[in-house]
Each structure stands twice: as C-alpha cells, then as structure tokens.
Amino acid sequence: MRLAIISDIHGNLPGFEACLREASSLRAERLVLLGDLVGYGPDPEAVTRRAMELTMAGAITIKGNHDDAIGTNDAGMNAVAAEAIRWTRNQLSPDAKEFLSTRPLIAELADLLLVHADASAPSRWNYVTNAASAHRSLTSTKKKITLCGHVHVPQLYCLTATGKLVGHTPASGTPLPLPEQRQWLAVVGSAGQPRDGNPAAAFATYDTTTREIVFRRAPYDVEGVAARIRAAGLPDSLAARLLVGR
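These figures come from a predicted structure and were not determined experimentally.

The rules behind each value
- Sequence order as written defines residue numbering, which begins from 1 separately in each chain.
- Whole-chain, interface and lining totals are the exception, using all residues; otherwise, since this is a predicted model, local features are given only for residues with pLDDT of at least 70 and side-chain atom pairs are given and counted only at 80 or more.
- In computing side-chain values, all of the structure's heavy atoms are included and hydrogens and water are not.
- Note on exposure labels: buried denotes an accessible area under 20% of the residue type's maximum, exposed denotes more than 50%, and partly exposed covers the range between, all computed with a 1.4 Å probe on protein chains only.
- In this text, helices come from DSSP runs of H or I with a minimum length of four residues, and strands from runs of E with a minimum of two, each type numbered from the N-terminal end.
- This arc is taken over the directions from the axis of the helix to the C-beta atoms.
- Here, residues are in contact when the closest pair of their heavy atoms is within 4.5 Å.
- Nonpolar cores are built from buried Ala, Val, Leu, Ile, Met, Phe, Trp, Tyr and Cys residues. Side-chain atoms within 4.5 Å join them into one set.
- Two strands qualify as a pair provided that DSSP identifies no fewer than 2 bridges between them.
- Only the contacting stretch of a helix is used when fitting its axis, a line to C-alpha atoms as for every element, and angles between N-to-C directions run 0 to 180 degrees.
- Note on terminology: angles under 35 degrees are roughly parallel, angles over 145 are roughly antiparallel, angles of 65 to 115 are roughly perpendicular, and the others are oblique.
- Any residue that is not Ala, Val, Leu, Ile, Met, Phe, Trp, Tyr, Cys, Pro, Asp, Glu, Lys or Arg is counted as polar, Gly included; the first ten are nonpolar and the last four charged.

Take helix H7 (residues 222-231) next. Among all positions in H7, only Val 222, Val 225, Ala 226 and Ile 229 are buried. With its buried residues spanning 100 degrees around the axis, H7 presents them on a single face. Set apart from the buried face of H7 by more than 90 degrees, the exposed residues are Glu 223 and Ala 231. Those residues of H7 that are buried are in contact with helix H1 (13-25) and helix H8 (236-244). Remark: Gly 233 follows H7 within two positions and exhibits a positive phi of approximately 85 degrees.

Written as structure tokens, this is what we have:
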C-alpha cells in the first residue's frame, strides 16, 4: 500500500491541495495527516473541512500543537504563533473546532507509529531536531518506523542494531529503502510553511510493500497565499517567510 504523508499544513489550502493532487497522481492509496492543520495561514476553516472529508474517507489525522491550542491556550507559543492562533480561533466553526480537539495524539498502522512531535511524550510537543531527540523518540517505541512532523524541515534518522543513531537530509524525489533490521524516524517536512529554504509544499510517500520512502515537493502559488496572509491582517513575517521557505 502506498501512503501519502502530509504534515504542518497550517491553514494553507493551496499548499495542501498541491500535495493532494501530487499524491493522487502517484496513486497513493491512503492518506496520513500528521497534525497542525491550522495556525499561520489564511485558510483554517477550509483546510479543516477538507481534512474532515478526507478523514471520513479513510485518512488518518493526528493532532498537532497548533490544533490543540485552538481549544486550550497559546501559552508557550511565541508572539507571532500566538497571534495567529487567536485569529484562527475566530475563523473556525464549532464543527471544525470539535474535529481538531478530538484528533488523537498518536496512531499506529502496521509497523508504523504516527505522531506529530516526539513520540516519547506526544503532548509535550518536543521537537525532533538532532540525534539525541531522535534517539529519545525512537527508543520510546518498538515500531520499526516513526513518521512525524512539527519541525518543518525534512529529515531521516535510523537507529542501528548496535544503538548508533545516524541522521540524513534526504533529497526530494529519491526513493530511500527502510530495511526492517533498523528503526527509522522520518520528519516529513511542512506542506504549509516549509523552513528548509524551499517554498514548495513538502510531503512524503511510503510504500509498505517495498519499504521505500520518498520525500517530495509540490509547487503552488506561494505569492498568492502570502498576499492573503497580509490581507487577513496576520503578522507580516508569516507571509515573508513563506516566500523564502524559512
């Protein structure tokens, strides 16, 4: 089965739809959404509605920290993120808020663990950004492969049988085998606000038969979304960083 894994959409409907179109062209059979449907972008209601439809059709949808903040509070977020969350709350319908609040923090699918952030403590929203944090996340589960988001930068880690942790920055479009003799952790990047210097929407596909993951990019009208961020009165920095992928 070919999975399409999309994370950190952040209220960016065109970026989300670009990933979905590409996933469809690749004949993905099931969709995984790894959280942060909202926050930062101008389309929180539309993105959440789209995710609701996809979930009804069989997609697995995980809760992210921005999704969680809609129904709790924005304590701990930086000033820009908190301002975007407060704006986003006012854009969401009760049904959308209910959907976001009821997403699970973690899910399992065969030998896959699906989570937004660090799997060792999903509700703490710790980032997986280096060997130490990847090791902590991987050793918290017996699953062979962990798929997560939260960081907005694609990355692949593996834990060898001898306990050595190796990190790798993947190239887009290159199939990477994930042999079952090791444990793997893939950070799939962000569809709605990439931070690796490439403005195109990021997502990944994983084939459960061949055990190959492919990190992918989907171009879309970044300038148009940046203009609508500004028109909505959201912080200008959110538009500026969208244009450069930082």
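There is more to say after this.
What follows deals with the nonpolar core. Membership of the largest hydrophobic core comes to 44 residues, with the highest contact counts inside it found for Ile 6, Ile 9, Phe 16, Leu 31, Leu 33 and Leu 37. Not counting residues up to four positions away in its chain, the partners in contact with Ile 6 are Phe 16, Cys 19, Leu 20, Leu 31, Val 32, Leu 33, Leu 34, Ala 191 and Phe 203. Counting residues in each nonpolar core, the second largest holds 23 residues, with Leu 3, Leu 112, Val 188 and Ala 204 among its members.

Taken in spatial order, the 6 strands line up as S4-S5-S6-S10-S7-S8 in an open sheet, and their pairing is mixed. Of all strands in the sheet, those bounded by a partner on one side alone are strand S4 (106-109) and strand S8 (165-168). For this sheet, the mean inter-axis angle between neighbouring strands, taken without regard to orientation, is 15 degrees. Where S4 lies against strand S5 (residues 112-115), 4 bridges are found, and the strand directions are antiparallel. Across the sheet, Ala 107 pairs through a bridge with Leu 114, a residue of S5. Across the sheet, helix H6 (residues 131-138) is in contact with strand S6 (145-148), strand S7 (155-159), S8 and strand S10 (183-187); its angle to S10 comes to roughly 120 degrees.

A few words now on the packing of H7 against H8. Where H7 meets H8, the axes come as close as 8 Å, and the angle between the chain directions of the two elements is 175 degrees. Classified by the angle between their axes, H7 and H8 sit roughly antiparallel to one another. Seen from H7, the contacting residues are Val 222, Glu 223, Val 225, Ala 226, Ile 229 and Arg 230; seen from H8, they are Asp 236, Leu 238, Ala 239, Ala 240, Leu 242 and Leu 243. Across the contact of H7 with H8, the residue classes tally to 9 nonpolar, no polar and 3 charged.

Moving on, we get to the pairing of strand S11 (residues 201-207). The side chains of a regular strand alternate, first on one face of the sheet and then on the other. Of all 7 residues in S11, 7 are buried; the element is thus mostly enclosed. Going residue by residue along S11, you find Ala 201, Phe 203, Thr 205 and Asp 207 tucked away on one face and Ala 202, Ala 204 and Tyr 206 tucked away on the opposite face as well. Two elements, strand S1 (residues 2-6) and S11, share 4 bridges in a ladder whose sense is antiparallel. When the sheet's bridge partners are listed, Ile 5 is paired in S11 with Ala 204. In terms of strand pairing, S11 meets strand S12 (residues 212-218) through 7 bridges, oriented antiparallel. Among the inter-strand pairings, Ala 201 is bridged to a residue of S12, identified as Ala 218. Between S11 and S12, which pair antiparallel one after the other, the connecting turn spans 4 residues, and Arg 211 there sits at a positive phi close to 60 degrees.

These figures come from the coordinates and say nothing about function on their own.
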